[in-house]
Amino acid sequence: TYLNLDAAVSGSSFGASSVPSLWKLIRAATHDVKDPKTGQSIYQQWQAGRRETRVDSDAEVTGEARIGALGSGSDYTPFLQHLGVASTDMGFGGDYGVYHSAYDSFYWMENFGDPGFKYHVAVAQVWGTMALRLADAEVLSFDYTDYANQIRDYFREALTLAKRRNLQN
């Protein structure tokens, strides 16, 4: 498994993208780490701010917090798209606006982005919880039911798009 933290903290809103087989692991880890501001779990804060929008997905039925699909062009790309390693990208986002600019500095982060580096600690705790659960597992906690359901949803979307564009033959 490749656990990516490309931009670990740029605000206080947790988000993740992942292959579907890791969704349950991510959600479980965020249940066990506290949000620095509220004292609730990161999962509770994440769920309150984001909902799955996919039709017929398990997440919509259960009201789970949304985990996006991984794209390309990040550090996980060779692991996922060339080697087939289950991967995730996660972190805390927000109105950062200074990424890869002259203002993207320790000073900015210390004074504006994450004073006290509390969200840096929280993301390290989520990452560490996931890493330990994977490293200590006798059997990896991949959930291929989520993967199968996601592939089914993608297939249905492709059929709908093909019909809309008159490509069904």
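To be clear, the structure that these remarks concern was listed above.
**Student:** What exactly am I supposed to notice about the overall build of the protein here?
**Tutor:** Within the protein, the secondary structure is distributed over seven helices and three strands. Reading the protein from its N end, one meets helices and strands in the order β-β-α-α-α-α-β-α-α-α. By principal-axis analysis of the C-alpha atoms, the protein measures approximately 60 × 40 × 35 Å. Counting every atom, the protein has about 10,000 Å² of accessible surface; 54% of that belongs to carbon and sulfur. Of the charged side chains in the protein, 15 are positive and 20 negative; the average position of the first set lies 8 Å away from that of the second.

**Student:** Would you explain the environment of glutamate 64 in this entry?
**Tutor:** With respect to the secondary-structure elements, glutamate 64 resides in the loop between α3 (58–62) and α4 (77–82). Taking the C-alpha atoms as reference points, glutamate 64 and glutamine 44, 20 residues apart in sequence, are found 9.9 Å from one another.

**Student:** Whenever I open this one, helix α5 (residues 106–113) confuses me. Can you help?
**Tutor:** One full turn of an α-helix is made of 3.6 residues, so residues set three or four places apart face in the same direction. Of the positions making up α5, those classed as buried are Trp108, Met109 and Gly113. End-on view of α5: buried residues confined to an arc of 95 degrees, all on one side of the axis. Away from its buried face by more than 90 degrees, α5 exposes Phe106 and Tyr107. Buried residues in α5 make contact with α6 (118–135).

**Student:** So what exactly am I meant to see when it comes to the nonpolar core here?
**Tutor:** With 30 residues, the main nonpolar core has Phe14, Ile26, Trp46, Val126 and Met130 as its most contacted residues. If you list the elements that add at least two residues to this core, you get β1 (2–4), β2 (13–18), α1 (23–31), α2 (42–49), β3 (87–93) and α6.

**Student:** Looking at this model, I keep getting lost on the sheet that holds β1. Mind explaining?
**Tutor:** Strand pairs in the sheet, formed through backbone hydrogen bonds, run parallel or antiparallel to each other. Strand order in the open sheet formed by three strands is β1-β3-β2, and the pairing between neighbours is mixed. Bordering the open sheet on either side are β1 and β2, each of which pairs with just one other strand. Sheet twist, expressed as the mean angle between neighbouring strand axes with direction ignored, is 15 degrees. Sitting on the sheet, α6 touches β1, β2 and β3, and the angle it makes with β3 is about 160 degrees.

**Student:** What is the right way to read the pairing of β3 from this model?
**Tutor:** When a strand is regular, its side chains alternate between the sheet's two faces. Burial of β3 is extensive: five of the seven residues sit out of reach of the surface. For β1 and β3, the ladder comprises three bridges, and the chain directions are parallel. Of the residues in β3, the one forming a bridge with leucine 3 is threonine 88. When β2 meets β3, the two strands line up antiparallel, connected through six bridges. When the sheet's bridge partners are listed, serine 18 is paired in β3 with threonine 88.

**Student:** Teacher, can you tell me more about the packing of aromatic side chains here?
**Tutor:** Each aromatic ring pair is summarised here by two numbers: the centre-to-centre distance and the angle between the ring planes. This model, assessed by the stated rule, comprises 10 aromatic pairs. Ring geometry for phenylalanine 92 versus tyrosine 119: centroids 4.9 Å apart, planes at 65 degrees, classification edge-to-face. With phenylalanine 92 in strand β3 and tyrosine 119 in helix α6, this pair connects stretches of sequence that are 27 residues apart. The class of phenylalanine 92 is buried, set by a relative accessible area of 1%. With relative accessibility at 5%, the residue tyrosine 119 sits in the buried group. Relative to phenylalanine 112, the ring of tyrosine 107 lies with its centre 6.3 Å away and its plane at 70 degrees, an arrangement referred to as edge-to-face.

The rules behind the values
- Residues numbered from 1 in each chain as written.
- Predicted model: local features only at pLDDT ≥ 70, side-chain atom pairs only at ≥ 80, totals over all residues.
- Heavy atoms only, no water.
- Helix = DSSP H or I, 4+ residues; strand = E, 2+ residues; numbered from the N terminus.
- Areas by Shrake-Rupley, 256 points an atom, 1.4 Å probe, with all protein chains shown as cover.
- Lys, Arg positive; Asp, Glu negative; His and termini not counted.
- Charge placed at Lys NZ, Arg CZ, Asp CG, Glu CD.
- Buried < 20%, exposed > 50% of the residue type's maximum accessible area, 1.4 Å probe, protein only.
- Arc of directions from axis to C-beta.
- Contact = heavy atoms within 4.5 Å.
- Core = buried A, V, L, I, M, F, W, Y, C linked by side-chain atoms within 4.5 Å.
- Pairing = 2+ DSSP bridges.
- Axes fitted to C-alpha atoms, helices over the stretch in contact; angles between N-to-C directions.
- Phe/Tyr/Trp six-rings, centres within 6.5 Å; stacked < 30°, edge-to-face > 60°.

Function cannot be inferred from these measures alone, as they are strictly geometric.
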